[in-house]
Structures are given as C-alpha cells and as structure tokens.
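Architecture at a glance
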There are 2 protein chains.
Amino acid sequence: MTASDAWLTQLTTPLLLIDERKLNRNVRRLQQRMAALGCALRPHLKTLRSLPAAERVIANPQAPITVSTLAEAEAFVHAGYTDVLYAVGITPLKLTRIANLIQQGAKVHILLDTLAQATAVYHYSQQHQVDFSVFIEIDCDDHRGGLSPEDPALIALANYLVAYPVNRHGPAITGLMTHAGGSYDTDSVSAIKQVAEAECQAVRTAATKLAAVGIEPLMLSVGSTPTAHFVDDLTGITEVRAGVYTTFDLVMQQLGVCALDDIAMSVVTAVIGYNPEKNWLLIDAGWMALSRDLGATRNAQEPSYGLVCDIAGQPLAADQPIVVNGVNQEHGVIALPAAIRCEQFDIGQLLRILPNHACATAAMHTHYHVITETQAHEVWPRILGW
Amino acid sequence: MTASDAWLTQLTTPLLLIDERKLNRNVRRLQQRMAALGCALRPHLKTLRSLPAAERVIANPQAPITVSTLAEAEAFVHAGYTDVLYAVGITPLKLTRIANLIQQGAKVHILLDTLAQATAVYHYSQQHQVDFSVFIEIDCDDHRGGLSPEDPALIALANYLVAYPVNRHGPAITGLMTHAGGSYDTDSVSAIKQVAEAECQAVRTAATKLAAVGIEPLMLSVGSTPTAHFVDDLTGITEVRAGVYTTFDLVMQQLGVCALDDIAMSVVTAVIGYNPEKNWLLIDAGWMALSRDLGATRNAQEPSYGLVCDIAGQPLAADQPIVVNGVNQEHGVIALPAAIRCEQFDIGQLLRILPNHACATAAMHTHYHVITETQAHEVWPRILGW
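Residues numbered from 1 in each chain as written. Chains lettered and ligands numbered in written order. Predicted model: local features only at pLDDT ≥ 70, side-chain atom pairs only at ≥ 80, totals over all residues. Heavy atoms only, no water.

This brings us to the environment of B:Thr178. Residue and element names in this part refer to chain B. Along the polypeptide, Thr178 turns up in the loop between strand S7 (175-177) and helix H7 (189-212). Thr178 gets classed as buried once you look at its relative accessible area, which sits at 1%. Along the backbone, Thr178 and Leu147 are 31 residues apart, and their C-alpha atoms lie at a distance of 9.4 Å. Leave out the neighbours within four places in its chain, and Thr178 touches Ile138, Asp139, Cys140, Glu199, Val203, Ser221, Val222, Gly223 and Arg241. A distance of 2.6 Å separates a polar atom in the side chain of Thr178 from the backbone oxygen of Ile138. (Helix = DSSP H or I, 4+ residues; strand = E, 2+ residues; numbered from the N terminus. Buried < 20%, exposed > 50% of the residue type's maximum accessible area, 1.4 Å probe, protein only. Contact = heavy atoms within 4.5 Å. Polar contact = N/O pair within 3.5 Å; in protein donor to acceptor, adjacent residues only side chain to side chain.)

Cross-referencing UniProt, the feature "domain: D-serine dehydratase-like" (unreviewed entry) maps to residues 264-372 of chain A in the present numbering. Annotated as residues 264-372 of chain A, this span is 8% helix and 32% strand, and its ends, taken at the C-alpha atoms, are 11 Å apart. (UniProt positions renumbered as here; feature names shortened; annotations may be inferred.)

Our next topic: the packing of aromatic side chains. How two aromatic rings sit relative to each other is given by the distance of their centres and the angle of their planes. Tallying each qualifying case throughout the model produces eight aromatic pairs over all chains. Put simply, the rings of A:Tyr122, A:Tyr160 and A:Tyr164 touch in pairs and so form one group of aromatic residues. (Phe/Tyr/Trp six-rings, centres within 6.5 Å; stacked < 30°, edge-to-face > 60°.)

Before going further, it helps to examine the domain arrangement of chain A. Interface size, as often reported, equals the accessible area lost upon joining of the parts. Residue and element names in this part refer to chain A. Domains assigned within chain A are domain 1 (6-15 + 264-381) and domain 2 (39-247). Using C-alpha coordinates to define each centre, domain 1 is positioned 35 Å away from domain 2. Contacts between the two partners involve 10 residues from domain 1, matched on the other side by 13 residues from domain 2. Interface of domain 1 and domain 2: buried area, both sides summed, is about 900 Å²; carbon and sulfur atoms make up 62% of it. (Domains from an automatic or database assignment. Buried area = accessible area lost by both parts, 1.4 Å probe.)

By the definition in use, this model includes 12 cavities of 30 Å³ or more. When its volume is computed, the largest cavity comes out at roughly 230 Å³. A:Ala363, A:Thr366, A:Leu384, B:Ala363 and B:Leu384 are, among the 22 residues lining the largest cavity, the residues nearest its centre. A class-by-class count of the residues in the lining of the largest cavity yields 12 nonpolar, six polar and four charged. Counted as a void, the second largest cavity has a volume near 80 Å³. Looking at side-chain class alone, the lining of the second largest cavity contains five nonpolar, five polar and two charged residues. (1 Å grid on protein atoms, 1.4 Å probe; cavity = no way out; pocket = protein on both sides within 12 Å on 5 of 7 lines; lining within 4 Å. Points joined across faces, edges and corners; volume = space filled by probe spheres on them. Nonpolar A, V, L, I, M, F, W, Y, C, P; charged D, E, K, R; others polar.)

All names here are of chain A. Between helix H7 (residues 152-163) and helix H8 (residues 189-212), whose axes approach to 10 Å, the crossing angle comes to 55 degrees. What the angle tells us is that H7 and H8 run oblique. In the crossing of H7 with H8, the sense of the turn from one axis to the other is right-handed. Here H7 contributes Leu154, Ile155 and Ala158 to the contact with H8, which in turn contributes Ala206, Lys209 and Leu210. (Axes fitted to C-alpha atoms, helices over the stretch in contact; angles between N-to-C directions. Parallel < 35°, antiparallel > 145°, perpendicular 65-115°, else oblique. Left-handed = near helix turned anticlockwise from the far one by under 90°.)

The step from A:Thr13 to A:Pro14 runs through a cis peptide bond, and the omega angle for that step is -5 degrees. Looking at the secondary structure, you find A:Pro14 in the loop between helix H1 (6-9) and strand S1 (15-19). The phi torsion at B:Arg49 lies on the positive side, around 45 degrees, for a residue other than glycine. You can see B:Arg49 is positioned in the loop between strand S2 (40-41) and helix H2 (51-57). Even without a glycine there, the phi angle at B:Gln129 is positive, about 55 degrees.

This is the structure:
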C-alpha cells in the first residue's frame, strides 16, 4: 500500500488494518506446506473471527475449521461451514448450543479430558437424543490441560466413552488432539522442530495406548503456528491446526516463523501530541487499540506494545526498532531516539503499529479495514463475544 | 448476591457481572465527598461506556461528563447528555464529528496543547463557522502530555487562541485541565494526597500565569480516581474528574482507595479442567474475558490476572490470595495452594474473578450482566469502537 490511499487517510483513528495481499500469501504458504506433507489443515479462526477473512483462509466451507467460542461456531455454521472443532474443554451448560448446531446438520466436535465431562455429555446425549463427536485432549508439553499419553486416566476415559457412547451413529471417540503451546517459548527453529516432533509423538503414543485396548480413534489432530511451519514428519497425523499464521505478528517474527514483511495486520494511529523534554511522541492508539499484550517483550527490561512504522508500513528507523513504550486507554507513548525529534512529526500524522500478538490486537476491534489485493477498501466485521 | 441466582447459573461463561448495589454505593461515596468539598464532578465514563451505567452515575443529563472516544461522545449526546469533555488531544480529522455534535446543540469540549492543534481548529472553525470550546491540557506530573505551567509555550498557545478565536460566542479558552496519571504509581495515602495537591497546584499555577497576561480561563478541571478520593483542598478548582471509581478494581484496592468488598465488577467463569500433577484449575476465562492487564502485579515476580472468588464473590481462601496465574485466549490457569486440591472443584463450577483493571476488563465485553439493587437481572450494552 501507499500513503496516498485516500480512504485510509480519511478514517477516524485508531483502526485495525489488514493487508489482504500479505494475508493471502501467508495462507498459501501453509496450504502449500501441508499439501507437500500430505496432511489436512484445520485452520483455527480465532485470530480474526471474521467471515470474510475465513473465505480467504478456506476455499471450501466443507473443509474443517477450529474455533475458540460458541459464538464463532454458531456464526460459521450459519454461514455454511460444516466441520467445526470447538477447541476449549466442554462444560455441561454449553452442550445445548452445541446440540442446536448439530441438529442443524453441522459436525461440531467437542473436546474433553475428564470423566466428569464424559459423564455430562453422555447424560445430555441420552436425555436429548443428540449424537456428539468427541476429541480427547492430550497434553504434549505440560503447559495447560489435556491428559498425558502415559496417564492411566486416558485409558479409563476412553473405556468410559466406549461403554457410555455419546454417538449412536458414529465413533465413540472421533479423535485425539493436542496443542504445543510451548512452541511459543522456544528460541530457535531447531527447538520448534523438537516441540513439533513431541506434539506429533504425544498423539501417536496416546493412539497406540488406546489401540492396545482395542480403541482406534479416527483422527489425530496437532498444531500451533510455529510447529505447523517447521514440522517435518506428519506420519500418522490426520490434520494440523494453526491460527495466527494468517496475519502473523511480532511474536511469530521473533520466533523466526515469518519475516517482518509478512505481518498482515497493523493499527493505524494519529499523532496527538508531544513531550519535547522527553522526546516522546503521543499517539491515539492506547491499549484499547493495541491490547495490553507484551508479546515477546513480556520479560524484557523495556517492554513494548508494538513496532512503529510509517503509514506505508516501513519501520521508522532501519537501524533500531522504535516501539510503543507505554499505553493508557486511548494514549500511546513512543520514546524516540535522540536522532529523531518528536516535533518532526505533524499533529494528525498517521503511523502504523505492528502488533505483538495479532489475536490480542484484533480482539480490541469490532471490524477491520482491509486493503485488498486490488488496493480497494473493504470492511470485515468481527464475530463478537461468546 | 447468592449462588442461587438462577439466571446467573444459566448463562454462557465467561461473562462480565456488575453488582449495581456496590456501584451505586461507590457513586454516592464520591458524590458526597465532592458535595462536602463544594466542587462539581465531571465523571469519566470510559470505564463502562454504557448508557444504563451512566444513568446510575449522573442523575441529570445536563451535568458534565468526560469521554475518551468520539463514539462515546456521539452515543451520550444522542441520549441527551449536553456537556461532554473529549479528554484526548484533538486531531484535525476528528473535528468534523465534534462539529456535528456541536451543531446538534451539545457542548463538546476539545483538548489541545500545541499551536498546530490550535491552528487546525481555528481554520476549521473559520471554514465551517463552528464554535469550539477548548481546554488546554496542563502537565502536572510529566507522565504523558500537556504543557507544564511554567512552560512559555503555554502563554504562546493561550495568546494564539485569543488572537485567533475558535469561538465567536464564548471564551477563547474554556478551561485548563490536568490528569494525575502518576497517582496510580503511589504507595500510600499520603503519597496520593501529595499527588492530588500537585495536580490542583498545576492548574492553579497555569491559571495565574495566564491571568498575568490578561487571560482568565473559566474552568480548572483536575482528577483521577485516587486523587479525587483523597484531595483535601479544592480551592479555585471548578471540577473533578474520575472514572474507575464506579466499579473500582484490584489496582484501586491495592492503592487503598477502596476495600475489596467495594469492587462492583467481576468475570464469571466456569471450571473446564485440571492439571492434577501441578494442582492447576483450568477456567474458561482467558485474556479475552479478563484482559491482559497485569495491574499492580505488572512488576511482580508472579504476575496475576485477577483474584479468584467463589460464585458469591468471596475470595477462595481467607489466608492467602488465590489468583489467575496465566491466561491464553480462552483459557485461564489457577495454580492452587497445596491445601486446596483442584479436583475439589466440579467441571462447570462457576467462579468469579475480580479484575486488576476494570477499564481493561470491561473493554473485552460487548455487554454486562447486572445484578440490580433488587437482585433482578439486567443487561447493559457497552458503546463499542471509536
């Protein structure tokens, strides 16, 4: 894009901007990688939560998708998507909304890892004559939930699901799924590759354990954006999930998963003032527009809230990163290096901030402004709430 | 409230809950304080950004209010509010939306602290025959923007506004305003009192400087929730602004501005799993529901994302705070102390999380569930976007 896009300079700041050309390029990259590895992709749509964005990510609405909320599941099913994994541990109160979607003909897979959940799903299924499709969550890196492949509780849970089926017309267990959240804490590509291998190995081992007691889950689902981009061997794996790869962000760039130029999301903001003594630039993007996510600078001495670029998307200085150093609700503070004086910027001048964590920044916006492949302007609404 | 409120236990989690009884109590507290000090209050409505909430905060829509976005200004003016301070430095592109509100008969005050802003407002005013009401931002603690009272640029700006008036029918300068953001970084009530005195003194000094050159601004506006609750002497001050006092939060409790029991906002969440080895409880409130705001634990060794309470709002353990230790998008992790086993909690069991920073947590929700004074259920929508 260029600074002369008239529509962009007439909108009220702050706003979230998506570069569709980069988004499409990122989408193709992982599609081609998965095609080469011979594995299906089940994109996680939680980053943008947007129907027009999903159309760029999935050509065919029959293809599998992942979501993080029932609000997304409902919006995507209503829009014609038919194969949805709700990738957060199920609770009894959420079953009614899931059942409604199933009764509309969609496959909506639920996730669980406790007998209490399996029992609740069984009773609901019996009472309401609904068939549920169940994934068991497997833990591959001890970072959150799921059952370790070696945990006897896995066999007990699987046996329970066979003895008390929640699906009269399908498999007792649709699949096993795991997520290597630990891939975000790596510091090299070789470390990501190790995590990727451990992620696959966790569900393979769990499947072997279940096979030994006569239970063969249909699907093995793994994934995170870092592991999806560096995994080499997907033998036995049915599908890979990834989410933030569509837009990428500074966390992914710092992990080495993408280049700065691949980041398809930025927040457009206007200069609203200065602190000449401190050589600070004040902008109208605070945490409301950027989020409070510190990304990879979480443990840094000098945390930051995003990388400052000019309106064309180029970093302000080639030799050193200039970042948003502080945020209040509707104010951002950029502490400039001595070589660049704050007064060089005009009041109202537009800047673009690359986000630390695209999911968190997108979550602060109800809609996204998009510069399309043909340099036109579109607005994509976000699916809100739970 | 009690755990037996049937409506509450039937809603999809996570959700934001407001306790109207506490909110009303917090509102009365500051109203009574300001009445005793003989000063007007201009509540900042940025915390909840909600018309029904504003009705609890301001009895009379002619009374002054503060907002942080044009979206709020428009929503409140359309609802009948007539005296609105937009408390973020103005940019030229935002003048048209302000002018539209002024032409509807509302007083919408704008804020500036540079000649460039004054020039842009003057030209717009001349070109479109609109009268603007201007506050000059004064810096009282060097934490963000505004002009120091001693800065010669203040006199130059004021003289410019007199020479190039933006208001043909009113004062060249409506008022001076300052915000002691530094009050959030204090560690004692006596420190807050010092900050409060400095906040008042900054605008008094600035007014004296302007009076010496023959300019008498009508209003002196100060405020932050901590300073508003501890300021003793408001001599010469026209109005006090405060925002988060309506609900309070853990930051305010830790500063000593409120008690834990005064916090009128919580996030209701359900248990979705365990990590028995680590004695972790997993909940369905991640950063999407809680925000990424670390509040007063920002620099702590063990940052947290909120205080865990039972569904009745009582902290889980009396002797030690149990907090949300980690968050992903839709997952929260609570590391329990050894005395409380994670398996003691049922899948689906509801908990309430008190927020670090109420403004940031409210910003993650499109609407709030409210338990009213009469224990009934209301839903208050939030004004979204910019």
